[in-house]
Amino acid sequence: MKVPLLDLKPQYRALKAELDAALLRVSESQYFILGPEVKALEEAVARYSGCKFGIGISSGTDALLIALMALDIGAGDEVITSPYTFFATAGTIARVGARPVFVDIEPRTFNIEPQAIEDFLASCERRGDAVINPATGGRVRAIMPVHLYGQVADMTRIMDIASRYRLRVIEDAAQAIGSADAQGRRAGSIGDVGCLSFFPTKNLGAFGDAGMCVTNDAVLAAKLFKLRVHGMEPKYYHELVGGNFRIDEIQAAVLNVKLPHLDSWSAARQRNASFYDAAFARAGLAGLVTPAPAPGDSRHIYNQYCIRSSRREELRVHLSGAGVGVEIYYPLPLHMQQCFAYLGHEPGDFRESLRASKESLALPIYPELEQSQLQYVVDTIAALLKK
Ligand SMILES: Cc1ncc(COP(=O)(O)O)c(C=O)c1O
């Protein structure tokens, strides 16, 4: 049996008539950049995310970058984040000239550990409103939590810490549109600004690159709108140095068709995750693999379903050989990446991030999977681990 990690074709087939009509509409309008489709999408995604404003951006990476720019984070500044995430999280911090400050993750959720943020900040010096990292002399300006795999980080504690230290919070919600914490707050709506990605593999995927910033802060929203078009307002007058961070009409048209289906897709992913949880337990694999955490009261949208195993490499080869698509997110934590060697970290500085990078394995979880396919994945894992 073949169980791909992700197959976008069934989703396309189901919506083909609507999607093709939307693409044709854009072709016929010959309106390609920042037009009516983008405006409609911004309003719809903002509403969906529990925010007042949505600013359509060229990608999730650019959404992070422009959020940092809008908060005037740059040289001499530091931003606290997780080393166990996709590169863009810390890459954008470095690109604005700031220094990423890594703190470890909590093993249960793979998300940033609030106590580790607290411990780092306790080692800093307060000078008036400024928080200074004594090791570097840099000013700590913000926290960038990542809602990894579609599960919201512990935002109650993170927001409490941020308010005590007067730090800004940029949520990397690239993998997490529609997820919510136990209080029902949607990913991206809790910090100063949330950054979404519509990369095709995300729960809401475009036909190319696209992203969005969401916020409830009108001043910040106005700045983001301006920075998106080279800081220009009015035309050819530049108060700020921004960039070309525009999203195009074709992507927005596709996303406008897909957004009304997002809840049903995320619900199907949740059903698949529950199926895996129960099937692993039935197979007596509890403890051998650690399934992704149960969502409890929060809303996990399962952009990925990752198990952990100390025999991950064997498992990866075995599953691939049996026709099951798997992926390792992420094989090298960011503190060990060559481009961040200047930060001077040792592998064991963030033990849980290092362990996650050695143990985690993403299984197929996309909405259209059949139960027989899910069961096959579990049986294939059991065949190896229970030998
Ligand atoms: C956690 C995280 N942050 C940022 C990004 C960047 O998004 P994009 O690929 O749309 O630039 C991604 C997506 O790949 C991601 O998973």
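Structure shown above.
These lines cover the structure that appears in this document, whether it is placed above or below. Predicted model, so just to flag it, every value in this text is computed and none were measured.

1. Examining the site of the ligand
Residues in close proximity to the ligand total 14 residues, the closest being G60, T61, D172, S197 and K202. Here an oxygen atom of the ligand sits 2.7 Å away from a polar atom, N or O, in the side chain of S197. Interatomic distance of 2.9 Å between a side-chain N/O atom of K202 and an oxygen atom of the ligand. Surface burial for the ligand is 92%, taken as the share of its 380 Å² of free accessible area covered by protein chains. Those elements that provide at least two residues to the shell around the ligand are α3 (60–70) and α4 (88–95). A breakdown of the residues in the shell around the ligand according to their chemical character gives five nonpolar, seven polar and two charged.

2. Observations concerning the environment of N244
Mapping N244 onto the fold places it in the loop between α7 (218–228) and α8 (249–258). Using a relative accessible area of 42% as the deciding quantity, one classes N244 as partly exposed. Taking the C-alpha atoms as reference points, N244 and R228, 16 residues apart in sequence, are found 5.8 Å from one another. Not counting residues up to four positions away in its chain, the partners in contact with N244 are S58, R228 and H230.

3. What to know about the side chain of T85
When you line up the elements, T85 lands in the loop between β2 (77–81) and α4. In this structure the side chain of T85 is engaged in a polar contact, spanning 2.8 Å, whose partner is the side chain of T89. Setting aside anything within four residues of it in sequence, one finds T85 in contact with V146, L148, D172, Y330 and L334.

4. Topic: the packing of aromatic side chains
Here the structure, examined in full by the defined rule, presents 13 aromatic pairs. Consider the rings of F102 and F350, whose centres lie 6.4 Å apart with planes at 75°: the pair is edge-to-face. With F102 in strand β3 (residues 99–102) and F350 in the loop between α10 (312–321) and α11 (351–359), this pair connects stretches of sequence that are 248 residues apart. For the pair shown, F102 and F350 are each scored as buried. Ring-pair connections join several aromatic residues into one group, and the members of that group are Y84, F110, Y149, Y329 and Y330. Sitting over the face of the ring of Y48, R186 holds its NZ or CZ atom 4.6 Å from the ring centroid. The side chain of R282 reaches across the aromatic face of F275, ending 5.9 Å from its centre.

5. Observations concerning the pattern of salt bridges
Applying the stated rule across the entire model yields 19 salt bridges. Across the pair D129 and R166 runs a salt bridge whose closest N-O atoms are separated by 3.3 Å. In this pair, D129 is assigned in the loop between β4 (125–127) and β5 (130–132) and R166 in the loop between α6 (155–165) and β7 (168–172), connecting sequence segments 37 residues apart. Classification of D129 as partly exposed rests on a relative accessible area of 46%. A single network of salt bridges, built from pairs that share partners, joins R308, E352, R355 and E359.

6. Section: the state of the cysteines
Considering all chains together, one arrives at zero disulfides under this definition. C195 forms no disulfide, and the closest cysteine sulfur to it belongs to C213, at a distance of 4.4 Å. Looking at the unpaired C339, the closest cysteine sulfur is the one in C195, lying at 19 Å.

7. Some remarks on the side chain of T81
Structurally, the position occupied by T81 is in strand β2. For T81, a relative accessible area of 0% translates into the label buried. At a separation of 2.7 Å, a polar atom in the side chain of T81 contacts the main-chain carbonyl oxygen of M144.

8. Quick notes on the packing of helix α2 (residues 36–48) against α8
Each pair of packed helices can be described by the angle between their axes along with the distance between the axes. At a minimum axis separation of 8 Å, α2 and α8 run at an interaxial angle of 45°. Between α2 and α8, the angle is such that the two are oblique. Here the hand of the crossing between α2 and α8 comes out left-handed. Taken together, the residues of α8 that come into contact with α2 (itself represented by P36, E37, V38, A40 and L41) are E249, A252, A253, L255 and N256. Residue classes in the contact of α2 with α8 are distributed as seven nonpolar, one polar and two charged.

9. Some remarks on the nonpolar core
Core analysis: the largest hydrophobic core is formed by 44 residues, its most contacted members being V45, I80, I117, L121, L167 and F198. At the level of secondary structure, the elements contributing two or more residues to this core comprise α2, α5 (114–122), β6 (139–144), α6, β9 (211–215) and α8. Residues contacting L167, with those up to four places away along its chain left out, are I80, L121, V131, V140, R141, A142, I143 and A162. Membership of the second largest hydrophobic core comes to 29 residues, among which are V3, L285, V324 and L369.

10. Some thoughts on the packing of α3 against α7
It is the contact of α3 with α7, at a shortest axis distance of 10 Å, that shows an interaxial angle of 120°. Looking at the two axes, α3 sits oblique to α7. Both α3 and α7 take part in a crossing whose hand is right-handed. Here α3 contributes I66, A67, M69 and A70 to the contact with α7, which in turn contributes L220, K223, L224, L227 and R228. For the contact of α3 with α7, a count of residues per class yields seven nonpolar, no polar and two charged.

Cut-offs used in this document
Residues numbered from 1 in each chain as written. Predicted model: local features only at pLDDT ≥ 70, side-chain atom pairs only at ≥ 80, totals over all residues. Heavy atoms only, no water. Near = heavy atom within 4 Å. Polar contact = N/O pair within 3.5 Å; in protein donor to acceptor, adjacent residues only side chain to side chain. Areas by Shrake-Rupley, 256 points an atom, 1.4 Å probe, with all protein chains shown as cover. Helix = DSSP H or I, 4+ residues; strand = E, 2+ residues; numbered from the N terminus. Nonpolar A, V, L, I, M, F, W, Y, C, P; charged D, E, K, R; others polar. Buried < 20%, exposed > 50% of the residue type's maximum accessible area, 1.4 Å probe, protein only. Contact = heavy atoms within 4.5 Å. Phe/Tyr/Trp six-rings, centres within 6.5 Å; stacked < 30°, edge-to-face > 60°. Lys NZ or Arg CZ within 6 Å of the ring centre and 35° of its normal. Salt bridge = Lys/Arg side-chain N within 4 Å of Asp/Glu carboxyl O. Disulfide = S-S within 2.5 Å. Axes fitted to C-alpha atoms, helices over the stretch in contact; angles between N-to-C directions. Parallel < 35°, antiparallel > 145°, perpendicular 65-115°, else oblique. Left-handed = near helix turned anticlockwise from the far one by under 90°. Core = buried A, V, L, I, M, F, W, Y, C linked by side-chain atoms within 4.5 Å.

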